[in-house]
There are 2 protein chains.
Amino acid sequence: MKKPTLDTLAAQVGVSRQTISNVLNKPEKVSPQTRQRVLAAIEAAGYRPSNAARALRTQRTHTLAMRLSNAGDGINGAVMDGFLHALVTAAGLRGYRITLFTAADDSAELDIIREFRDSKAIDGVILTDTHAGDQRPNAIHDLRLPVVAFGRPWDREGEHDWVDVDGAAGVAQATRRLLDDGHTPVGFIGWPDDTGVGADRYAGWARATGYSADQQRRYSTRQLDSPVAGGEAMAKLLDEGVTAVVCASDSLAIGAFGRLRDKGVAGHVVGFDDTPVARMIGLSSLRQPVHEVAKHVVETLLGRISDPEGEPRHILLPPTLQARTVASTS
Amino acid sequence: MKKPTLDTLAAQVGVSRQTISNVLNKPEKVSPQTRQRVLAAIEAAGYRPSNAARALRTQRTHTLAMRLSNAGDGINGAVMDGFLHALVTAAGLRGYRITLFTAADDSAELDIIREFRDSKAIDGVILTDTHAGDQRPNAIHDLRLPVVAFGRPWDREGEHDWVDVDGAAGVAQATRRLLDDGHTPVGFIGWPDDTGVGADRYAGWARATGYSADQQRRYSTRQLDSPVAGGEAMAKLLDEGVTAVVCASDSLAIGAFGRLRDKGVAGHVVGFDDTPVARMIGLSSLRQPVHEVAKHVVETLLGRISDPEGEPRHILLPPTLQARTVASTS
DNA sequence: TTGTAAGCGTTATCAT
DNA sequence: ATGATAACGCTTACAA
């Protein structure tokens, strides 16, 4: 009835415990016949190696840590939700587990990561919500702890690994789509953000439209991230003759969308992140390929764990446009 | 530069490694003076006990496992999102970590849990999304693995620990609130669910209104969980003279809310779960106290870990009504 | 109060 | 191809 161990199993089969360990870790070093015998015994006894013992011996925990970003304003959380699910699945496929932690700010996050490292609790770290001036990647790198970020470093070039979504490419794609559909001019509603995600998305619109500096000013606005702000922005752009816009977020897009409907204007709004809300109200939106991101994050991190000194990897993935039939005139 | 261990520290301080271990685990067994000396050395060296070694010795991992439920239809996911965050925080405060896994169905979940148990990877399990006929609690109990469920067992009485939200009480509260505000009759839009969550919420409405069986039929409907269905249900109830409704979900409520607005009727809709969408459009909703639930889940589970044979604990917490000023006529 | 010894369950190294 | 031996770093007796 008690848990079998290497020793008890070895006694039963009549081999040394080392042989059993070899069957599990280096099957080629053991003869096919005894391998069969051992495997059968393992199966019969339901034997599984002890995690703790293995970790103590190998100095590998097969565990990765990630901070659960500050809970649910929810609207953006949808992306992280999908990412987390994909991440856990991808890691699980490679025999790794994800343990979570929460932290009030970046410095608290670093404290926790340092403690994890010192107590040898994890093999690597996944970073999210990177921002300009982010100290974390370098700090963790200095701890000699493998790390990969979901998100580019927005100031200097990163000497650490990262995977990110190419917001500019996504916005450009959506913008071209609207132009091809005959909408003109195509506007943009973004954030007052000069360095990070917001600037990146704005750049995609500017590139795709090829508008002059003057046109860019007329056909775009920068707002705080809320539906109300999105609605006001849409009102302003309507005055400029803009009926089709790409937005930096679903939150803004929802407001713009509502304003269009209220005014009875036939236009088109594209949001960003393809949140549940967007799906629910039939809003077109740019979907981040969280599944792909998660796979690359895991592969990159495991690669870094097995080769701490290798060249840094940077991966940029395009979002995909979820085009929906929008009943913009109710 | 290398990681300090008990031995290296002991050598530095000039005591046996045992003394250091005692300082950490049974401080009262060591003299105040040497304790100070040791603590200073620990601080200076940045020493932390190795997780793996400690786990191997004590047979406790300080790790709890939870399945990340199948990703994001999103609308409901908001509750789980908040719960997960609160859970990780509550567990962290007690020195426990949460590791996640994903599974296609209940039986796959059990397989993974079994493997965790066999490899001594976890101390306990948190179960969510319990449903009628749920095999998991008993199965895990049979594995002699501490388990607590977020969600009642909906068929038989549970001999396992659980924490749940009292949906009936919440709906009753919201219903009384609408009645007090002068709305009459107050309707209910729920799910075709005879045994579980849906029936529970329905019961709260029936209790608070005191309607006859006939009235209950006229003033309530049961729909699949979608905004469209909610809108259709609202249309039907409007014909019966119902302008105020409580809904079993925000999803239904959003549809009902939209229908009210489209018809230009001044009424009131209350949803369930207080999702981001509800907050965004100004919809009143019943909020599950996920923070409290998480705290109780952790306390209960840790209690069960330290006392496997104790009496089963059942905790029921009321949701709170988030009343919002609804501009139901645009 | 402090030190000594044993063992938790593995895997790596070295012999056979 | 297989087996014996020695860690991995800690905690819980028990002895001094």
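Residues numbered from 1 in each chain as written. Chains lettered and ligands numbered in written order. Predicted model: local features only at pLDDT ≥ 70, side-chain atom pairs only at ≥ 80, totals over all residues. Heavy atoms only, no water.

Chain A is annotated in an unreviewed UniProt entry as LacI family DNA-binding transcriptional regulator of Tessaracoccus lubricantis.

> Got a sec to walk through the packing of helix α2 (residues 17-25) of chain A against helix α3 (residues 32-45) of chain A? Specific residues and values, please.
Residue and element names in this part refer to chain A. The contact between α2 and α3 brings their axes to 10 Å, and the two run at 90 degrees. Classified by the interaxial angle, the pair formed by α2 and α3 is roughly perpendicular. Contacts between α2 and α3 pair I20, V23 and L24 from the former with R35, V38, L39 and I42 from the latter. Across the contact of α2 with α3, the residue classes break down as 6 nonpolar, no polar and 1 charged. (Axes fitted to C-alpha atoms, helices over the stretch in contact; angles between N-to-C directions. Helix = DSSP H or I, 4+ residues; strand = E, 2+ residues; numbered from the N terminus. Parallel < 35°, antiparallel > 145°, perpendicular 65-115°, else oblique. Contact = heavy atoms within 4.5 Å. Nonpolar A, V, L, I, M, F, W, Y, C, P; charged D, E, K, R; others polar.)

> Hey, could you go over the sheet that holds strand β11 (residues 314-317) of chain B for me, with residue numbers and the actual values?
A sheet is described by the order of its strands in space; here 12 strands give the open sequence β11(A)-β5(A)-β4(A)-β3(A)-β1(A)-β2(A)-β2(B)-β1(B)-β3(B)-β4(B)-β5(B)-β11(B), paired in mixed fashion. With partners counted over all chains shown, the strands left at the sheet margins are β11 (314-317) of chain A together with β11 of chain B, one partner each. Neighbour-to-neighbour, the strand axes of this sheet turn through a mean angle of 20 degrees, independent of strand direction. Where strand β5 (residues 161-165) of chain B meets β11 of chain B, 4 bridges bridge the pair, whose relative direction is parallel. Looking at β11 of chain B, one finds that V163 of chain B is bridged to I315 of chain B. On the sheet, helix α5 (residues 77-93) of chain A packs against β1 (63-67), β2 (97-101), β3 (124-127) and β4 (147-150) of chain A together with β2 (97-101) of chain B and is oriented at approximately 140 degrees with respect to β2 of chain A. Strand contacts of helix α6 (residues 106-118) of chain A: β1, β2 and β3 of chain A together with β2 of chain B, with the helix running at about 135 degrees to β2 of chain A, the strand carrying the most contacts. (Pairing = 2+ DSSP bridges.)

> Can you break down the domain arrangement of chain A residue by residue, with the values?
Split by domain assignment, chain A resolves into domain 1 (1-47) and domain 2 (167-288). Spacing between the C-alpha centres of domain 1 of chain A and domain 2 of chain A amounts to 62 Å. (Domains from an automatic or database assignment.)

> Can you break down the environment of T61 of chain B residue by residue, with the values?
Residues and elements named next belong to chain B. Within the fold, T61 resides in the loop between α4 (51-58) and β1 (63-67). For T61, a relative accessible area of 13% translates into the label buried. Setting aside residues no more than four positions away along its own chain, T61 makes contact with N51, A55, R97, K120, A121, I122 and D123. (Buried < 20%, exposed > 50% of the residue type's maximum accessible area, 1.4 Å probe, protein only.)

> Break down the relation of the copies chain B and chain A for me, with residues and values.
Note on the copies: chain B fits chain A at an RMSD of 0.1 Å, the axial shift is 0.0 Å, and the rotation between them is 180 degrees. On the angle and the small slide along the axis, the relation comes out as a two-fold axis. For chain B, the smallest separation between a C-alpha atom and the rotation axis is recorded for T99 of chain B, amounting to 2.1 Å. Interface overlap between copies is the fraction of interface residues in one copy that are interface residues in the other; for chain B against chain A it reaches 100%, indicating a shared surface. (Least-squares fit on C-alpha atoms with pLDDT ≥ 70 in both.)

> Kindly report on the protein's contact with DNA strand D, identifying the contributing residues and their values.
What surrounds DNA strand D is a group of 27 residues, the closest being T19 of chain A together with L6, Q18, Y47 and R57 of chain B. Across the atoms of DNA strand D situated within 4 Å of the protein, the share located in sugar and phosphate is 60%. Between S31 of chain A and DNA strand D, the recorded distance is 2.9 Å, taken from a backbone N or O atom to a phosphate oxygen. Residue A53 of chain B places a main-chain N or O atom 3.4 Å away from a base nitrogen belonging to DNA strand D. Counted by class, the surface near DNA strand D contains 7 nonpolar, 12 polar and 8 charged residues. (Near = heavy atom within 4 Å. Polar contact = N/O pair within 3.5 Å; in protein donor to acceptor, adjacent residues only side chain to side chain.)

> Give me the lowdown on the side chain of T175 of chain A, citing residues and values where you can.
All names here are of chain A. Following the sequence through the fold, T175 ends up in helix α8 (residues 167-180). Within the structure, the side chain of T175 is placed 2.7 Å from the backbone oxygen of V171, a separation counted as a polar contact. Apart from the residues lying within four places of it in its own chain, the contact partners of T175 are V186, W205, A208, T209 and V246.

> For the interface of chain B and chain A, give the residues involved together with the corresponding values.
Taken together, the contacts link 44 residues of chain B with 44 residues of chain A. Between chain B and chain A, roughly 3700 Å² of surface is buried when both sides are summed, and carbon and sulfur atoms account for 66% of that area. Seen at the junction of chain B and chain A, the total is 1 salt bridge. Close ionic contact of E115 of chain A with R48 of chain B constitutes a salt bridge, the shortest N to O distance being 4.0 Å. Linking chain B with chain A are 6 residue pairs in polar contact (both at pLDDT 80 or more), by the criterion used here. Among the secondary structure elements, those contributing two or more residues to the side of chain B that touches chain A are α4, α5 (77-93), β2, α6 (106-118), α12 (250-263) and α13 (276-281) of chain B. A class-by-class count of the residues in the side of chain B that touches chain A yields 20 nonpolar, 13 polar and 11 charged. (Buried area = accessible area lost by both parts, 1.4 Å probe. Salt bridge = Lys/Arg side-chain N within 4 Å of Asp/Glu carboxyl O.)

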